[in-house]
Amino acid sequence: MSGAPTHTNTVAQVLNGGRIPELEPIEKAKRLAAFAAVDKFVGKDCKIIGIGSGSTVPYVVERIQSQGAEVNKDRIFLPTGFQSKELIIQAGLNLGDVDQHVRLDVTIDGADEVDSDLNAIKGGGACQLREKVLAEAADTWVMVADYRKNGTVLGENWTQGIPIEVAPFAYAKVMYDLSRLGSPIKSDPSVSGGKILTLRMGKAKAGPVVSDNGNFIVDAPFPREMMKDPKGLLTKIKLMTGVVEVGLFCGLAKAAYFGNEDGSVTARWEGGKEERIEAEA
Ligand SMILES: O=C[C@H](O)[C@H](O)[C@H](O)COP(=O)(O)O
């Protein structure tokens, strides 16, 4: 079992005397989902391919790379952010951008949570603007994740709120608008996890997280009743002046692939049909 082609694993291999470290179970689940999705959706005829963000995506790139140099030499890969741009470059794949290619054959991306209708919360890594552009531009948009992201109503597993990218100068006004819409500013029992409306702050940096596009991120939880209608909520938030993009992805996905602990993959298709795949990684 090999690790994903990340810089971290390369260093780990060196420290491990050249041996490739065994993956943790959760990483195995991500890898299974990524491999199964690439095998299904990235055929030889796919030439313009979007590479999404998150911890499952390195395995997507690993599987695409394993299809071989001959197949990949005529392909162009479009990233959804800094992380995927680095993955594409490190894998020796051809890098492009959406200003050169406005139609993609397929985009494969991660997710923070997916509901039973294939709506998703995305933006835990602040990439939702570019991710949504590459989702909408793709003929086929597919999500890959481990079983923890497989939900029923959005917000039950991912409790920190809907990631919303906002123009920096407008953040306070947008937060005021979000609170009036129903995002709590103090703990509220109708909101999963008791989380509140928050301007996302950097971890090893004083001040707010700044997205790849120079914007701030607000995390806005909402009561469960409102989360049951993600498209309605998305429409209301998107109309707030100062909002650049909302981390709710509705009606875009062809399928979501979830790697399970038992080594299988659950594929959920648009329309709600589910399929269990005995994956091989
Ligand atoms: O902004 C980030 C993206 O939407 C990611 O696809 C999402 O946060 C999932 O990331 P991870 O697999 O690291 O949890």
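Residues numbered from 1 in each chain as written. Predicted model: local features only at pLDDT ≥ 70, side-chain atom pairs only at ≥ 80, totals over all residues. Heavy atoms only, no water.

A. Spatial organisation of the site of the ligand. Around the ligand sit 15 residues in total, of which S53, S55, D112, G123 and E131 are the nearest. S55 places a side-chain nitrogen or oxygen 2.7 Å from an oxygen atom of the ligand. Take E131: an N or O atom from its side chain is 2.8 Å from an oxygen atom of the ligand. Coverage of the ligand by the protein chains reaches 86% of its 380 Å² of free accessible surface. The residue inventory of the shell around the ligand, partitioned by class, reads three nonpolar, seven polar and five charged. (Near = heavy atom within 4 Å. Polar contact = N/O pair within 3.5 Å; in protein donor to acceptor, adjacent residues only side chain to side chain. Areas by Shrake-Rupley, 256 points an atom, 1.4 Å probe, with all protein chains shown as cover. Nonpolar A, V, L, I, M, F, W, Y, C, P; charged D, E, K, R; others polar.)

B. Fine view of the pattern of salt bridges. Evaluated as defined, the whole model comprises 19 salt bridges. Among the ionic pairs, E245 bridges to K238, the shortest N-O distance being 2.7 Å. For the salt bridge of E274 with R268, the shortest nitrogen-to-oxygen distance reads 2.8 Å. Overall, E274 belongs to the partly exposed group, its relative accessible area being 45%. Overall, the relative accessible area of 4% leaves R268 in the buried class. Through salt bridges that share partners, E70, K73 and D74 make up one connected network. (Salt bridge = Lys/Arg side-chain N within 4 Å of Asp/Glu carboxyl O. Buried < 20%, exposed > 50% of the residue type's maximum accessible area, 1.4 Å probe, protein only.)

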